[in-house]
Structure formats: structure tokens, C-alpha cells
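What follows is the residue order along each chain.
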Amino acid sequence: MRCLVIEDDADTCRYIRNGLTEAGYNVLACDNGLDGLHHATNESWDILILDRLLPGQVDGLSIVAKLRDLGKSTPVLIVSALTSIDERVRGLRDGGDDYLSKPFAFSELLARVEALLRRARPLRDPTQLRVADLALDLRTFRVLRGATAIALQPREFRLLEYLMRNEGQVVTRTMLLEAVWDCHFDPQTNVIDVQISRLRNKIDRDFSPALIHTVRGVGYRLSADG
Amino acid sequence: MVSVTQSIATRLALGFAVLVAEAILVASGVFYFGTIGVMDRRVDGKITAISNRLMETFQNRPVEELAKQIELELHDGIDSDTEIFLVLSPSGERVVGNLTAVPEAARPLGQVVTGEVVREGKRTSGRLIARQLPDGGYLYVGRDLSEQRSIRDLVIRALAAGAGASLIVLAGGALLFRHQIEKRIGQIRRTAGRIEAGDLKQRIPVASDDEFGRLSVDINRMLDRIGQLMDGVRHVSNAIAHDLRTPLGRIRNKLDEAVRHGATAGSLSEAATSAIEDIDGLILVFEKLLQIAEAESGVRTRSFEAADLNRVATDMVELYDATAEEQRVSLKATGEGAVLAAVDRNLLASAVASLIDNAIKYAGPGAIVQVGAYAQARSVAIEVRDNGPGIPAPERPRVTERFYRLDHSRHLPGNGLGLSIVSAIARLHGGALQLEDAAPGLLARIVLPIGQTPEVAPDPAERESLRQSSPMRCS
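Residues numbered from 1 in each chain as written. Chains lettered and ligands numbered in written order. Predicted model: local features only at pLDDT ≥ 70, side-chain atom pairs only at ≥ 80, totals over all residues.

1. Quick notes on the overall build of chain A
Then step 1. Broken down by element type, chain A carries eight helices and 12 strands.
Then step 2. The burial tally for chain A puts 33% of its 226 residues in the buried class.
Then step 3. For chain A, long-range pairs separated by at least 24 residues make up 56% of all intrachain contacts whose partners lie at least 6 apart in sequence. (Helix = DSSP H or I, 4+ residues; strand = E, 2+ residues; numbered from the N terminus. Buried ≥ 20, exposed ≤ 12 C-beta atoms within 10 Å, placed from the backbone. Contact = placed C-beta atoms within 7 Å.)

2. Focus on the environment of K361(B)
Residue and element names in this part refer to chain B.
Then step 1. With respect to the element layout, K361 can be found in helix α7 (residues 345-363).
Then step 2. On the basis of neighbour counts, which here come to 19 C-beta atoms within 10 Å, the residue K361 falls in the partly exposed class.
Then step 3. Spatially, the C-alpha atoms of K361 and V329 are 9.4 Å apart, while their sequence positions differ by 32 residues.

3. Points about helix α8 (residues 418-428) of chain B
All names here are of chain B.
Then step 1. The buried fraction of α8 is high, at 10 of 11 residues.
Then step 2. Taken together, the buried positions of α8 are occupied by G418, L419, S420, I421, V422, S423, A424, I425, A426 and L428.
Then step 3. Once α8 finishes, G430 follows within two positions and takes phi at roughly 80°, a positive value.

4. Topic: the sheet that holds strand β11 (residues 432-437) of chain B
All names here are of chain B.
Then step 1. Taking strand neighbours across the sheet as the criterion, the five strands line up as β7-β9-β10-β12-β11 in an open arrangement whose pairing is mixed. Whereas interior strands pair on both sides, the edge strands pair on one side only; in this sheet they are β7 (330-333) and β11. Along the sheet, successive strands turn relative to each other by an average axial angle of 15°, direction set aside.
Then step 2. Looking at chain direction, β7 and strand β9 (residues 368-375) are connected through four bridges and run parallel. The residue bridging K332 from the neighbouring strand is Q370, located in β9.
Then step 3. Sitting on the sheet, helix α6 (residues 309-326) is in contact with β7, β9 and β10 (379-386), with an inclination near 170° to β9.
Then step 4. α7 rests against β7, β9, β10 and β12 (442-449) of the sheet, and its axis sits at about 25° to β10. (Pairing = 2+ DSSP bridges. Axes fitted to C-alpha atoms, helices over the stretch in contact; angles between N-to-C directions.)

5. Things to note about the confidence of the model for chain A
Then step 1. When pLDDT is averaged along chain A, the result is 88, and 97% of the positions lie at 70 or above.
Then step 2. Confidence scores differ between elements of chain A, with helix α4 (residues 85-93) of chain A showing the lowest mean pLDDT of 83 and helix α8 (residues 191-203) of chain A the highest of 94. (pLDDT = per-residue confidence, 0-100.)

6. What about the interface of chain A and chain B?
Then step 1. At the junction of the two partners, chain A supplies 17 residues and chain B supplies 20 residues.
Then step 2. At the level of secondary structure, the elements contributing two or more residues to the side of chain A that touches chain B comprise α4 and α8 of chain A.
Then step 3. Of the residues forming the side of chain A that touches chain B, the biggest block, four residues, is contributed by α8(A).
Then step 4. Taken together, the residues of the side of chain A that touches chain B break down into nine nonpolar, five polar and three charged. (Nonpolar A, V, L, I, M, F, W, Y, C, P; charged D, E, K, R; others polar.)

7. A short note on the sheet that holds strand β7 (residues 134-137) of chain A
One key point about sheets: their strands pair by backbone hydrogen bonds, in either a parallel or an antiparallel sense.
Residue and element names in this part refer to chain A.
Then step 1. Spatial strand order, β6-β7-β8-β9: four strands in an open sheet with antiparallel pairing. In this open sheet, the two edge strands, each paired with only one partner strand, are β6 (128-131) and β9 (148-150). Ignoring which end each strand starts from, the neighbouring axes of this sheet average 20° apart.
Then step 2. Of the strand pairs in this sheet, strand β8 (residues 142-145) and β9 are connected by three bridges, and their pairing is antiparallel. Directly across from R145, in β9, lies its bridge partner T148.

8. Some details on the pairing of β8(A)
Residues and elements named next belong to chain A.
Then step 1. Two elements, β7 and β8, share four bridges in a ladder whose sense is antiparallel. Counterpart to A135 in the pairing with β8 is L144.
Then step 2. Between β7 and β8, which pair antiparallel one after the other, the connecting turn spans four residues, and F141 there sits at a positive phi close to 55°.
Then step 3. Between the end of β8 and the start of β9, which pair antiparallel, lie two residues, with G146 showing a positive phi angle near 60°.

9. Section: the packing of α6(B) against α7(B)
All names here are of chain B.
Then step 1. Where α6 meets α7, the closest approach of the two axes is 9 Å, and the angle between their N-to-C directions is 35°. Once α6 is placed against α7, the crossing between them reads as right-handed. Residues V312, A313, D315, M316, L319, Y320, T323 and A324 of α6 touch α7, and the partners they reach there are R345, L348, A349, V352, A353, I356, D357 and I360.
Then step 2. Classifying every residue of the contact of α6 with α7 by side-chain character gives 12 nonpolar, one polar and three charged. (Left-handed = near helix turned anticlockwise from the far one by under 90°.)

10. Some words on the environment of M164(A)
All names here are of chain A.
Then step 1. With respect to the helices and strands, M164 occurs in helix α6 (residues 154-165).
Then step 2. In this structure M164 comes out as partly exposed when scored by C-beta crowding, with 18 C-beta atoms within 10 Å.
Then step 3. Between the C-alpha atom of M164 and that of S223, which follows or precedes it by 59 residues, the distance is 8.1 Å.
Then step 4. Sequence-distant contacts of M164, defined by excluding residues within four places in its chain, comprise L129, V131, L136 and L222.

11. A look at unusual backbone geometry
Then step 1. Looking along the chain, the bond that leaves K102(A) and enters P103(A) is cis, with omega of -5°.
Then step 2. As for its position among the elements, P103(A) is in the loop between β5 (98-101) and α5 (106-120).
Then step 3. In this structure, P440(B) follows A439(B) across a cis peptide bond, with omega equal to 0°.
Then step 4. Looking at where P440(B) falls in the secondary structure, it is placed in the loop between β11 and β12.
Then step 5. A positive phi angle, near 45°, is found at A439(B), a position not held by glycine.
Then step 6. With respect to the helices and strands, the residue A439(B) is situated in the loop between β11 and β12.

12. Thoughts on the nonpolar core
Among soluble globular proteins, nonpolar side chains are generally buried collectively.
Residue and element names in this part refer to chain B.
Then step 1. M316, A351, V352, I356, V369 and I425 are the most contacted members of the largest nonpolar core, which totals 105 residues.
Then step 2. When residues of this core are assigned to their parent elements, the largest contribution, 12 residues, is made by α7.
Then step 3. If we ignore the near neighbours within four places in the chain, the residues touching V369 are A324, V329, S330, L331, I356, A359, I360, A363, V384 and D386.
Then step 4. Grouped together as the second largest cluster of nonpolar side chains are 19 residues, F85, L99, I129 and V141 included. (Core = buried A, V, L, I, M, F, W, Y, C linked by C-beta atoms within 7 Å.)

Given below as C-alpha cells:
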């Protein structure tokens with residue numbers, strides 16, 4: 001996976017580059033908008049991570065805008081200290097695929113990068129999701145674990161659907177809040193943990209193997225193998 | 001003081017003076033032509049009529065009869081002192097009449113003209129008409145204008161005196177006008193100067209309810225608001241100084257200890273993990289403070305759009321339902337129907353989430369928490385009602401202050417910022433957070449005005465009622 005990082009703060013840049021390299025990505029880092037724009041438009045990348053405020057005339061959003069003008073749909077994750085909701089909305093409206101506020105944990109960044117890369121690939125069967133013996137039918141809203149039907153509330157259904165669509169990948173609490181509850185703010189309590197725990201009681205407690213795994217300090221992962 | 005030519009007061013006063021002077025001129029003109037003009041036209045009419053009558057009557061009679069008639073006219077006592085008659089024979093000799101000299105001006109024939117004449121030995125000016133008689137002689141009919149002239153002079157003198165007096169009054173008025181404007185503006189400028197010099201408590205004295213008075217009230221209100229914001233900033237600085245120092249010191253000490261005492265990989269990693277947790281907590285506090293500051297800056301964000309408040313209530317109830325279940329709290333959305341308002345949905349949702357979180361946390365197991373939105377006549381409200389211990393009345397105004405915590409809740413997790421943020425968000429929407437006794441429990445209500453945006457200041461009466469209904473307003 002080729003990843004271009006455009007970030008002017010040397011420490012943050014190193015933090016992202018080292019982390020991604022460890023996770024097996026092929027990373028090129030630029031510390032200014034002009035170089036970034038050059039690399040972003042002249043080479044092919046699997047994902048772009050960029051800061052909004054960059055030295056020089058070219059800022060992050062204009063790179064995204066230029067990229068979209070050229071018809072490139074490369075996923076873009078915007079990382080910024082401009083954290084107000086207005087700024088987020090602007091970042092996403094201008095062509096960013098996801099917006100991460102500084103300061104951030106690397107695990108959150110990695111989870112979002114992976115989610116973006118998955119989203120870039122089309123789903124094979126959009127009506128039926130299946131992980132091990134857990135099946136979710138998007139047309140009939142039925143959930144089966146083996147032969148047992150499981151009753152879920154609408155939000156629980158969406159939560160499980162999101163976890164299953166991201167099977168094997170780590171999803172963070174913030175990602176769940178945004179995707180399932182459309183909450184673009186951090187309630188800063190353990191609401192998500194409690195929601196997951198209730199979902200676990202329904203789909204995991206009486207069955208084996210357990211499918212929902214906690215990734216400490218990051219979030220959750222749904223997969224058949226622990 | 002501004003130079004006289006640049007002064008708006010001078011320009012206004014001058015403009016006003018010119019306008020009034022023009023009005024006086026027009027009025028004088030109308031008066032003049034309405035009197036003197038009419039008199040002139042009357043004279044012309046009379047002269048023409050008399051000459052026509054004489055010409056017709058004596059068309060085919062000898063000139064002697066005409067002369068007799070004129071003698072009669074001159075001595076009948078009607079206008080005799082101003083009438084002018086003269087009949088000349090074809091050879092140019094005077095037949096009858098009171099003119100001693102033949103006026104040269106009385107040509108062309110048949111038209112009323114003004115000319116110098118000698119009437120009974122006196123030079124005077126008159127209006128007269130000349131007609132040719134059938135025998136080749138001439139008939140002159142006219143009026144002495146000297147009396148007319150003196151009336152006209154009288155009128156003009158009177159008008160000039162009147163206009164002169166008016167202009168003097170006008171000039172005085174304009175000066176007074178200018179002085180008044182400069183005095184009022186001077187007050188505003190002096191206050192502005194003192195504020196600029198650092199005395200933020202200065203306000204413009206408001207003496208009357210005229211335009212300047214209202215402008216002063218508006219400016220004073222703006223200054224109050226700026227003062228509040230400055231207080232807010234000062235408060236935040238104090239809060240940061242007090243409440244962030246402690247956790248920062250704690251983190252520092254922990255790391256210091258870990259480095260000094262025979263650092264093993266295990267202890268170092270433990271210290272780092274603990275430091276990260278503490279720092280995350282600090283970041284959270286910072287974010288909340290920023291959020292309050294942002295909301296309190298009062299800038300209406302671009303994200304305001306119509307939203308159904310009951311939908312927001314239901315969304316947040318569905319976010320917290322698992323938590324409520326776990327805490328054995330019954331959490332229900334009780335609002336009915338759509339309640340629409342223009343809001344920043346995310347901010348409002350976070351406020352409602354915060355209220356629900358509080359209700360679950362403080363009302364405790366077994367409690368019932370109800371969330372719903374309701375439309376009222378001029379406002380909409382979104383309520384979170386619990387039947388827990390509530391907040392004692394004297395404490396209610398204080399709980400929205402930053403970092404303020406009730407004594408009995410200090411053992412529970414929290415940073416004392418939740419209600420400050422909710423209150424700031426309500427105020428950003430032009431509304432208020434009201435805390436009431438739900439008997440038992442707490443009723444927290446975010447009231448938002450409708451049909452009015454925060455940008456448009458409500459009129460003073462409305463503002464007053466808004467203020468009274470929101471006892472926890474920070475000021």
C-alpha cells in the first residue's frame with residue numbers, strides 16, 4: 001500500500017510515518033504543500049493523509065480540491081488542529097473522505113486509514129453479510145447466529161452491520177459514533193463500550209467462538225479468529 | 001473637534017439652512033406675484049376694457065363727443081386721481097386729456113405698455129394703451145403707476161425684512177443644531193476614548209430616548225457584551241491556571257518518579273501509559289473549554305439548519321439506552337410529533353447527550369429519565385427530566401460556572417464543565433438553559449426562541465423577559 005503523508009510538523013510527521021511503516025505501508029512524507037501537491041497529482045497513491053494548515057501558498061484543502069478536479073478519487077484523510085464542527089464539515093465538503101482532529105492516537109489514525117482503504121473497494125454482496133456462523137440480512141433485517149434468530153433494536157442492527165462490513169479490522173469508538181449514531185462530537189463517556197457490551201450479550205454470550213473483540217486503547221474488531 | 005468643513009453637523013446645519021432659505025424665497029415669490037402681479041394684471045385689464053368701450057361707443061360719432069365723455073370720466077371721482085386720458089388730433093395736437101406730453105413709448109398701437117408720462121405737470125410712470133381713431137387721431141388710455149409702485153416697494157421691503165429676520169433666526173438655529181449634535185457625539189467619543197485608554201467600565205450617559213439615546217443604549221449593550229466575553233476569557237485563564245496545573249503536576253511527578261527510581265522497562269511503560277491517560281483527560285478538558293469559548297463567542301455557525309428536536313432527543317436516547325439499562329435507569333423519549341427549529345444539530349445533540357449523561361449519573365439506579373421536545377408559543381424547548389435528588393435551589397445558578405461541582409458529586413467522574421457547555425450552546429442559539437425542580441428531581445430545559453435569529457437583537461422588553469427567565473445567565 002502506497003501512502004503519501006503531507007504534514008509540516010516534523011514530530012507529527014515522523015509519528016505518522018513510523019507508525020504506518022511499522023504497519024507495512026510504503027510511506028512518502030512531504031513537509032510542504034507545494035511538494036505535496038506535486039507528488040499527489042503526479043503519482044498514484046492508495047491513500048493520502050494531509051494536514052490542513054501547511055506552510056507556503058498551498059494548503060491541505062486546495063490539494064484535495066485539485067486532486068478532485070483532476071478526477072482522482074484517491075481516499076484522503078485530513079488531519080487537522082482545526083477541530084470545530086464547521087471546519088470538519090468544510091474539510092469533508094471540499095473532498096476529504098474523513099477528518100481526524102489533532103491531537104490523535106496513532107491507532108485511531110490507522111483504523112481510519114484501513115476503513116478508507118476498504119471503502120475504496122466495492123462490496124461483493126451488499127444484501128447479506130456473514131462472519132463465521134453469524135449472518136445479517138440487510139433486506140429482511142434478520143440476524144442469525146447459527147440457527148438461532150437474534151432480535152436487535154434498529155441501532156444495534158446498524159452497529160452490527162458496521163462491524164461486519166469492517167470484518168477483521170479495528171474500528172474506533174469515534175468511527176462507530178459517526179457511522180451508527182451520526183454523532184460528530186465526542187460524548188466523552190463510555191456509551192459506546194456499553195452499547196458494544198449489550199450487543200455482545202446478544203450475539204456472543206451464548207455462542208462460541210466470540211466474534212467481537214476489544215482492542216485495548218483503540219476500539220473493537222469483529223472476526224471469527226480471536 | 002473636526003474641522004468645520006468636514007463636520008457632518010456643520011454640513012447638516014448648512015444644508016438645512018439652505019433648504020429653509022429656499023422655502024422662504026419661494027413663499028415670498030408666491031406672495032409677491034399673488035399681490036403685485038394680480039394688481040398689475042387688473043390695471044391692464046381695466047385699461048384695455050375702457051379703451052375698447054370708448055372706441056366702440058364713438059366709432060361713428062364726432063371726436064367732440066368723445067372729448068366730452070373723457071372730460072366726464074376725468075371728473076366723475078372714480079379713479080380720477082390715477083386715470084390717464086389723451087386724445088390727439090390727426091395733426092398731433094391735444095384735443096382733450098390730462099397728459100401734457102405725448103408719450104413716445106405708447107407704440108405699437110393696441111398694446112398695453114409701461115412708459116414715462118407727464119400727467120398734470122408731474123412726471124410719472126404709467127401703463128397705457130394707444131388706439132388710432134377713425135379720423136386719424138389717437139386715443140391714449142392709461143393708469144398712473146406711482147401708487148402701485150409705492151405699494152410694491154412696501155411689499156418688497158416687508159418681504160426683505162421678513163426674510164432677513166428669518167435668515168438670522170435660521171443661522172442661529174443652525175449653529176445651535178450643530179452644537180447639539182456635536183455635544184451628543186462628543187459624549188460618545190469621550191466615552192470611547194476613556195474605554196480605549198483602558199477603563200472598560202465606562203458607559204455613555206443616556207439622557208433621552210431619541211436616536212442618539214438609542215444609539216448610546218446599543219453601544220452600551222455592545223460594551224456589556226464585550227465585557228462579558230472578556231470576563232469569560234479571564235475566567236478561562238483562571239480556570240486553566242487552577243484546574244490544569246494540578247493534573248499537569250501529577251503527570252510530571254509520575255514521569256519524574258519513573259525515571260529516577262531504577263527504571264525498568266515495565267515501570268517505564270506503566271508510567272507512560274498512565275501519563276497518556278492523564279494527558280488524554282487534559283486534552284478532553286481543553287476541548288471542552290474550547291467548545292465553550294467557541295459557543296460563547298456567539299458566532300452563528302454555518303451549520304445552522306432546520307432539525308426536528310424530537311428526532312435529536314430520540315437519537316440521543318438511543319445512544320444512551322444501553323448505558324441506562326446497565327445503570328438500571330429507565331430512559332425514555334417522551335416527545336411527540338416533530339418540533340422544528342433552526343439549530344446546529346451536532347452542538348444541540350451534544351448538549352442533550354450531556355444532560356442525559358448527567359441525569360443517568362446523578363439520578364442513580366431505579367430512576368426514570370424522560371427526554372422530549374415541546375413547542376411553545378414563541379419558543380421550543382427540549383427537556384431532560386429525572387426523578388433523582390435534583391440540585392438545591394441556591395446551587396442552581398452556580399452549576400453552569402466552569403469547573404463548579406456540587407459537593408455531593410465530587411466523588412463521581414466529571415470535570416465540572418458539562419453544564420457550562422450546555423448553557424453556552426443554549427445561548428449560542430439565542431436561548432437559555434433553565435434548571436428547575438421536577439419535584440422530585442431535576443428538570444433541565446434548553447429553551448430556544450423561534451422566529452428570531454441570534455443575530456437580530458431582541459427588543460429590550462423581550463430581552464428583559466429572556467433574562468428574567470434564565471437565572472443562570474453568566475454576566
